[in-house]
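If you want the building blocks of each chain, they are given just below.
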Amino acid sequence: MSSAVGRTAKSARNVVVSIAAQLLVIVLGFVTRTVFISELGVAILGVNSLLTSVVAMLALADLGINGAVMYALYQPLRDGETVKTAAVVHYATRMYRWVALVVGVAGLILTPFIHRFVRLESDVPGLDYYYLVLLANTVVGYLLVARVQLIDADQKIYMTKAYSMVFNVLRSVAQIVSLLLWADFLLFLAIQVLFTVTNNMVVYYRAGKLFPFLKGPAPSLEAGERRSILTSVRAMMIFRLGGLILNNSPSMLISLIVGTLALGYYSNYMLIVSSAVMITEVSFSALTPSVGNLVAAGDRKATRRVFDEVVLLSILLHGAIAVAMVALIDDFIRFWLDRSFVLPHEVVLAVVLSFYVTGTLMPMWSFRSATGLFRSTQYVMLATAIASIALSFTLGGAFGLVGVVVAPTLARLLTGAWYEPWLLIRDHLAGGRRTYFLLQIGALLLWSALSFAALWLGDLMALGAGFSLVVKGTVLVICLPAVSWLAFGRLPAFKSLVARGRAMLGRSPRRTGNPE
C-alpha cells in the first residue's frame, strides 16, 4: 500500500510541476511567436518550422538510446544498486558522444541540399547559417543528457522540468528582446543554443550532487548487460526512426507539395496544438517512471487497473480539448493574429483529429518503455511512417494541405493504434482486450459528434473574436464536464480516478473497490 501511495505522490508532483512549467513556456511561446511574425514575417516563420523539422529528423541517429537507457535504469534504481546504476549512466554517456558525432557529420553532409526543401518566391539569405546553428543546438544537447535521464528515471522529473522552465523563460525573454532590438533571425537561433548548453550543464552538475556515486571511477557493465541494452537500442532505433519520420515529415512535405508560405500559416495552428500536447504529454511522460516501478513489481492485475485509469484519463483530456479546439481555435487565431491567418474548416478538423488520435495513444508511450514492449513492436512505427508518406503524396496531390495533414492520422489508425494496445494487453496485462477497443471507438464517436455540433453552432454565431471566445468558452466549461460524467461516470476507472483526485486533494476517498 505504501509503495502505491509513494508512486501516486511522486507522479502527482511530477505532473503538477511539469504542467506549471509548460504553461509558463506556452504563454511566452505565444508572445515570442507574435513578435517573430511582426519582426521577421510568415515566410521566415515557415523556414524556421522547416529547418527545425529537418534537424529533428537527424535525431534518428540517437538509435533509441533514450528509451533503452530509461528501461535499463528502472530495476537498479528500484533495488538500490548504485554500482550498476553508475555503470549504465557511464555506458550511456559514451554512446551519446558517438551519437553527437554522427548527427553533426550527417548534418554537415546535408547542408548543401537544404535549399531544395524551401519553396518561396525568392531565396532566403543566410539559410545555411540558420540551419547550422539549429544543428549545433541538437548536437550539444546530446553531450550531457545521460545524467538528466537518471534524474527522470528516479521519478524526479519535476526537478529537470523546473530547471527547464527557468531556462526556457530566460531564453524566451532574451529572444523577444533580440527581435525587438535587432530583428535578426541568426541571433534569435544563437540565443537558443546558449540556453540549451547552460540548462544541460546545470542539470548535469545537479545530478552529480544527487547521485554522488557517479563521481567515482567509472564502472563497466557486464557483457550480458551491454548486450541487453544494445538489443533494446536496436529495437528503439527502428521505433524512433518511424516516429521521427511520422512526426516531422508533414512539415517538409507541406513545404514541398503546398509551399513554405503555407507551412508558415499551418505552423501557427500547430503552435496552439503543440501547446496543448505539451500540457498533456508531460502529464503522461511524468507517469512513465512510476509505471516502470509498478511493472517491475510484477502485479499484472494492479498494472491493468492503472492502465485502464490512464487510458480513460487520456480520453477525457484529449476529447474535451479536441472539442474546445474545434470550437475556439479559429476565433483565437483571429483574436491573436488576424482573419487572414485563418485556415479552412477541413484543415482545422484534420489538425484536431491528429491531436486526438495521437493523444489517446499517449498511455502506450509510458507502458511501452516500462514493459519493454518496443522490442515486440519495433517495426510498427516504421510501417506507420511509410504508410504516412505514401498517403501524404497521394492525398496531398489530390486535396492539398488537408491531405498532407490527415495522412499521418490515417496511417496511425491503420497500424499502431490498434496493434500496440492489443499486444500490450495480451502479453503484459491481466484482463481482456474487448473493453479497451469498445471504449476507444465509443469515445471517438462521442467527441466527433460534439465537434461537428460545435463547428455548426459556431458558424451560426456572428460574434467578434474576443466575445466569441468568452461565450463559447463558458458554454464548454459547463457542458464538457457534464457530458464526460454522463458518458463515462459509471466506469470503474472513472470512479478510481475520482478517488485518486480526492486523495491528492487531502479528502477521504470513497470506496471504489481499487486497493491501489
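Residues numbered from 1 in each chain as written. Predicted model: local features only at pLDDT ≥ 70, side-chain atom pairs only at ≥ 80, totals over all residues. Heavy atoms only, no water.

**Details of the pattern of salt bridges**
1) Next: Under the counting rule described, the total for this entry stands at 7 salt bridges.
2) Next: Among the salt bridges present, the one from aspartate 331 reaches lysine 472, with a minimum N-O distance of 2.9 Å. In this pair, aspartate 331 is assigned in helix α12 (residues 300-336) and lysine 472 in helix α19 (residues 465-488), connecting sequence segments 141 residues apart. With respect to burial, aspartate 331 and lysine 472 carry one shared label: buried.
3) Next: Between aspartate 427 and arginine 426 there is a salt bridge whose closest N-O contact spans 2.7 Å.
4) Next: What makes aspartate 427 partly exposed here is its relative accessible area of 29%. (Salt bridge = Lys/Arg side-chain N within 4 Å of Asp/Glu carboxyl O. Helix = DSSP H or I, 4+ residues; strand = E, 2+ residues; numbered from the N terminus. Buried < 20%, exposed > 50% of the residue type's maximum accessible area, 1.4 Å probe, protein only.)

**Digging into the packing of helix α3 (residues 65-79) against helix α6 (residues 145-153)**
1) Next: Two numbers describe how α3 lies on α6: the axes approach to 9 Å, and their chain directions differ by 50 degrees. Between α3 and α6, the angle falls in the class oblique. The interaxial crossing formed by α3 with α6 has right-handed handedness. Between α3 and α6, the contacting residues are Ile65, Asn66, Val69, Met70, Leu73, Tyr74 and Leu77 on the first element and Gln149, Leu150, Asp152 and Ala153 on the second. (Axes fitted to C-alpha atoms, helices over the stretch in contact; angles between N-to-C directions. Parallel < 35°, antiparallel > 145°, perpendicular 65-115°, else oblique. Left-handed = near helix turned anticlockwise from the far one by under 90°. Contact = heavy atoms within 4.5 Å.)

**Some words on a positive patch on the surface**
1) Next: Side chains of Arg94, Arg97, Arg226 and Arg227 sit close together on the surface and give a patch of like positive charge.
2) Next: At the level of elements, α4 (82-110) and α9 (223-257) are the ones that each hand at least two residues to the positive patch.
3) Next: Within the secondary structure, arginine 97 is located in helix α4.
4) Next: For arginine 97, a relative accessible area of 53% corresponds to the exposed category. (Patch = residues over 30% accessible without salt bridge, like charges linked within 9 Å, V, L, I, M, F, W, Y side chains within 5 Å. Areas by Shrake-Rupley, 256 points an atom, 1.4 Å probe, with all protein chains shown as cover. Lys, Arg positive; Asp, Glu negative; His and termini not counted. Charge placed at Lys NZ, Arg CZ, Asp CG, Glu CD.)

**Notes on a nonpolar patch on the surface**
1) Next: Taken together, the side chains of Val173, Val177, Leu181, Trp182 and Leu187 make up a nonpolar region of the molecular surface, amounting to roughly 470 Å² of accessible area.
2) Next: Ranked by the residues each element gives to the nonpolar patch, the list is headed by helix α7 (residues 157-182), at 4 residues.
3) Next: Structurally, tryptophan 182 can be placed in helix α7.
4) Next: Judged by its relative accessible area of 56%, tryptophan 182 falls in the exposed class.

**Some remarks on the packing of aromatic side chains**
1) Next: The full count for this structure, using the stated rule, is 17 aromatic pairs.
2) Next: Both rings, one in phenylalanine 30 and one in tryptophan 336, keep their centres 5.1 Å apart while their planes meet at 80 degrees; by these two values the pair is edge-to-face. Highlighted residues: phenylalanine 30 in helix α1 (residues 2-40) and tryptophan 336 in helix α12, separated in sequence by 306 residues. The same class applies to phenylalanine 30 and to tryptophan 336, which are both buried.
3) Next: Where tyrosine 130 meets phenylalanine 185, the ring centres are 4.6 Å apart and the plane angle is 65 degrees; that geometry is what we call edge-to-face. Here tyrosine 130 is found in helix α5 (residues 127-142), whereas its partner phenylalanine 185 is found in helix α8 (residues 185-210), with 55 residues between them in sequence.
4) Next: Look at tyrosine 130 and you get buried, because its relative accessible area is 14%.
5) Next: We note arginine 147 situated over the ring of tyrosine 204; from NZ or CZ to the ring centre the distance is 4.0 Å. (Phe/Tyr/Trp six-rings, centres within 6.5 Å; stacked < 30°, edge-to-face > 60°. Lys NZ or Arg CZ within 6 Å of the ring centre and 35° of its normal.)

**Re the side chain of threonine 280**
1) Next: Relative to the assigned elements, threonine 280 resides in helix α10 (residues 260-285).
2) Next: A distance of 3.2 Å separates a polar side-chain atom of threonine 280 from the backbone oxygen of valine 277.
3) Next: A polar contact is formed between the side chain of threonine 280 and the side chain of histidine 318, at a distance of 3.1 Å.
4) Next: Ignoring sequence-local partners within four residues, the contact set of threonine 280 consists of His318, Ile321 and Met362. (Polar contact = N/O pair within 3.5 Å; in protein donor to acceptor, adjacent residues only side chain to side chain.)

**Quick look at α8**
1) Next: In this model α8 runs 38 Å from its N-terminal to its C-terminal C-alpha over 26 residues, within 8% of the 38 Å that 1.5 Å per residue would give.
2) Next: The complete set of buried residues in α8 reads Phe185, Phe188, Leu189, Ile191, Gln192, Val193, Phe195, Asn199, Asn200, Val203, Ala207 and Gly208.
3) Next: Measuring from the side-chain oxygen of the N-cap residue of α8 to the backbone nitrogen of leucine 186 gives 2.8 Å; that N-cap residue is aspartate 184. (Expected span 1.5 Å × (residues − 1).)

**Thoughts on the environment of glycine 67**
1) Next: With respect to the helices, strands and loops of the structure, glycine 67 is situated in helix α3.
2) Next: Note: C-alpha distance between glycine 67 and alanine 385 (318 residues apart in sequence) is 19 Å.

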